[in-house]
Amino acid sequence: MGLFTKLFKKNKYPVNAKYKKGDFVNFRYRGELYFGYIHDAKEVMYGKITYTIQIGGQCPALIHDYKEEDILGLKK
C-alpha cells in the first residue's frame, strides 16, 4: 500500500461489529456504570473490535479503544 493510499484511505465501519454507530449502550468505566453512544468502531487484530464511546451531553467526552466484550449491552 502506497503512502497516498494510507493517507487518504477512508476508514470503513467493521461489518462484524456487534454494536452499530449511534447505539445507546451500558458499560463500566473506572468502577462506575456509565451509558453512552457508539461514536465509531475499528477492527484491531484477529477480528477483535474496539469502540469509541461518547459520554455526556452538553460537554461530551470520548472514550477511545473500549473493547467489545467489556460492553454490558444496549440501554433500554
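Not measured: the values here are computed from a predicted model.

Quick notes on the pattern of salt bridges
Consideration 1: The tally for this structure, following the rule as stated, stands at 1 salt bridge.
Consideration 2: Residues Asp65 and Lys42 are paired through a salt bridge, measuring 3.2 Å at the closest nitrogen-oxygen approach. Linking Asp65 in strand β4 (residues 61-67) with Lys42 in strand β2 (residues 32-43), this pair joins segments that are 23 residues apart in sequence.
Consideration 3: A relative accessible area of 46% means that Asp65 is categorised as partly exposed.
Consideration 4: Residue Lys42 is classed as partly exposed on the basis of its relative accessible area of 44%.

With respect to the sheet that holds β2
Consideration 1: Within the open sheet, the 5 strands sit side by side as β4-β3-β2-β1-β5. Their pairing is antiparallel. Of all strands in the sheet, those bounded by a partner on one side alone are β4 and β5 (71-74). Across this sheet, the average inter-strand angle for adjacent strands is 40 degrees, counted without regard to direction.
Consideration 2: Inspection of the sheet shows strand β3 (residues 49-55) paired to β4 by 5 bridges, in the antiparallel sense. The residue of β4 that forms the bridge with Ile53 is Ile63.

Basis of the calculations
- Residues numbered from 1 in each chain as written.
- Predicted model: local features only at pLDDT ≥ 70, side-chain atom pairs only at ≥ 80, totals over all residues.
- Heavy atoms only, no water.
- Salt bridge = Lys/Arg side-chain N within 4 Å of Asp/Glu carboxyl O.
- Helix = DSSP H or I, 4+ residues; strand = E, 2+ residues; numbered from the N terminus.
- Buried < 20%, exposed > 50% of the residue type's maximum accessible area, 1.4 Å probe, protein only.
- Pairing = 2+ DSSP bridges.
- Axes fitted to C-alpha atoms, helices over the stretch in contact; angles between N-to-C directions.

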